[in-house]
Amino acid sequence: MSVNDAVNERIRAIHGQSQRGDLSYLAPRSGDPMPPLPSEQRRSTPGGLTITQKMAELRAKDSLANSNRQSHGFAMKMTESPEYEIVYRNMMRGERSSFENTVLGAGKFESRDASAVTGSAGAYAIPAGFYRQLTVALKQGSPIRSLANVVKLSTGRQLSWPVVDDTSNAAAILGENVTVSHSQDPVFSRVQLQPLPWVAEAVLVPNTLVNDAGIPILDDIAALAGDKIARGTDNAYAVGTGTGQPLGLFSAGAVATGVTSASPTALVYADVESLFFSVRPAYRATGSWIMHSNTIKNILAIEDSSGRPVFTELRDRGTLFGRPAVADDNAPQLGANNVAVVFGDISRAYRIVDVDPVTSLVLTELYAPSLETGVIVCLRTDASVDDAAAARVLVCH
């Protein structure tokens, strides 16, 4: 075996170990890390280094790459294992073996731009099961999140997200020997997104429950934390100003006006119908309505000339013109100049970005006098309007 063959074989072995999450090759070794090659050990590689020096350089480079992997993808893979959830629960009980320290350390979220609740402050990525329950709670508590396009990022740095409305352009038949026209180029704009930390106040759990392995306490913590974060973030997703917080879907000017109501305090059939048909057919087919519960009640009260309810489908099936109607009590109610109803394909119209992994702080000592353990969960998120043509709003007169 030549020197180059031996080096390449070792590189392939290291790559395989790193892909499997086996970091043993990073441990200090005595002697030459290569297989015994008495006649080769003192020879130089093409770069002028001995085999031992070359392998030390490779380990150093891979160690640096591994630190980035632990911050993002590798940490996420670790948190998906059943073992991680076990040691996470043990940490809540104050039981930390050296093995568990190693596993939790691999799940620790460290990033240059981490906020005060991550990294050095002792925040750890939550287990995969915890995250699934948290996601369910976030969607149940935030109607806008349940309909929007949620994108997961591995970094919390400011992001310049491109958006484009190209629906005015259409394909055409190209004649023989005719040059393809490009006179109507799509116009791109950019939305600045900066995921900010939304922190649910500590969920206090009696230590008796923490120590009872038969109780799925992490599910309960995830539900409680998810509800708290959903209540805060959904308000911002609805009416946020876009300055130091998400730009809300109902914020004035965020989405183009489809119709202005005849009255500031009551809707009529024509208002609802006009908003529906103000959205392009492609987006109507996948559209949803979002409005305050009281606005839904107002629409249910609309009657025909004989005094019969017009929108019985809203009462019976929860739809308007065949499309789902969702209540969000963070939306503005009917009132002068208020944006009261949004209709369109919300998954195209609104984008939410979340930073993975979601992190938590486990406070075993702060609440020790009351025999409780506190858990603080942090979600970094931001949001803004994406495809402005995908939705329209009803503005009150």
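Our subject is the structure listed above.
Please read all numbers here as calculations on a predicted model, not as lab measurements. (Residues numbered from 1 in each chain as written. Predicted model: local features only at pLDDT ≥ 70, side-chain atom pairs only at ≥ 80, totals over all residues. Heavy atoms only, no water.)

Details of the overall build of the chain
The condition is simple: Each helix is a run of H or I in the DSSP string that is no shorter than four residues. Each strand is a run of E no shorter than two, and both are numbered from the N terminus. Note on contacts: a residue pair qualifies if any of its non-hydrogen atoms lie within 4.5 Å across the two residues. Here the open area of atoms and residues is found with the Shrake-Rupley method and a 1.4 Å probe, where only the protein chains shown may cover a residue.
The number of helices and strands found in the chain is 14 helices and 14 strands. For the chain, long-range pairs separated by at least 24 residues make up 76% of all intrachain contacts whose partners lie at least 6 apart in sequence. When the accessible surface of the chain is summed, it comes to about 20,000 Å², and 53% of that surface belongs to carbon and sulfur atoms.

Thoughts on the environment of D354
Where we set the bar: Definition of a polar contact: a pair of N or O atoms within 3.5 Å, with one able to donate and the other able to accept a hydrogen when the atoms are protein atoms, and with sequence-neighbouring residues admitted only if both atoms are side-chain atoms.
One can find D354 in strand β11 (residues 350–355). For D354, the residues in contact, after removing those within four places along its chain, are R145, V150, V151, K152, L153, L379, R380 and T381. A distance of 2.8 Å separates the side chain of D354 from the side chain of T381, its partner in a polar contact.

Here we look at the side chain of R284
Defined as follows: Summary of the burial criterion: residues with accessible area below 20% of their type's maximum are buried, those above 50% are exposed, and those between are partly exposed, where the area comes from a 1.4 Å probe applied to protein chains only. As used throughout, the charge tally considers Lys and Arg to be positive and Asp and Glu to be negative, leaving His and the chain termini uncounted. By definition, a salt bridge exists where a carboxyl oxygen of Asp or Glu is found within 4 Å of a side-chain nitrogen of Lys or Arg.
Tracing the sequence through the fold places R284 in helix α11 (residues 281–284). No salt bridge is formed by the buried R284. Its closest oppositely charged neighbour is E273, at 11 Å. Setting aside residues up to four positions removed in sequence, R284 forms contacts with F276, F277, V279, R323 and F343.

Quick word on the packing of aromatic side chains
The criterion, for reference: Any Phe, Tyr or Trp ring, taking Trp's six-membered ring, that has another such ring centre within 6.5 Å forms a pair; planes under 30 degrees apart are called stacked, those over 60 apart edge-to-face, and the others tilted.
Throughout the structure, instances matching the rule amount to ten aromatic pairs. Judged by centre distance (6.1 Å) and plane angle (50°), the ring pair of Y269 and F321 falls under tilted. In this pair, Y269 is assigned in helix α10 (residues 269–278) and F321 in the loop between β8 (319–320) and β9 (323–327), connecting sequence segments 52 residues apart. These aromatic residues form a ring-pair network of at least three members: Y269, F276, F277, W289, F311, F321 and F343.

Structural notes on the nonpolar core
Here is the rule we go by: Among the buried residues, those of types Ala, Val, Leu, Ile, Met, Phe, Trp, Tyr and Cys that are joined through side-chain atoms within 4.5 Å form a nonpolar core.
Residues L249, F250, W289, I299, L320, V341 and Y350 are the most contacted members of the largest nonpolar core, which totals 44 residues. With five residues, strand β10 (residues 339–344) is the single largest residue contributor to this core. The contacts of L320, once residues within four sequence positions are left out, are V272, W289, M291, I299, F311, E313 and L314. Counting 25 residues, the second-largest nonpolar core is a separate cluster that includes I126, L138, A222 and A225.

Structural notes on the sheet that holds β9
Selection criterion: Should DSSP find at least two bridges between two strands, the strands are taken to pair.
On the basis of which strands lie adjacent, the open sheet formed by six strands has the order β6-β14-β10-β7-β9-β8 and mixed pairing. Looking along the sheet, the strands with just one partner apiece sit at the ends: β6 (257–260) and β8. Bridging between β6 and strand β14 (residues 391–395) involves three bridges; their strand directions are parallel. Bridging from a neighbouring strand, T257 pairs with V393 of β14.

What to know about the pairing of β9
By the bridge criterion, three bridges tie strand β7 (residues 288–291) to β9 in an arrangement that is parallel. By the bridge assignment for β9, I290 is matched with V326. With two bridges connecting them, β8 and β9 associate as antiparallel partners. Note on β9: the bridge partner recorded for L320 is R323. A loop of two residues connects β8 with β9, the two strands running antiparallel in sequence, and F321 in this loop sits at a positive phi of about 50°.

With respect to the environment of A388
On the secondary structure map, A388 appears in the loop between β13 (372–385) and β14. With 44 residues separating them in the primary sequence, A388 and G344 have C-alpha atoms 10.0 Å apart.

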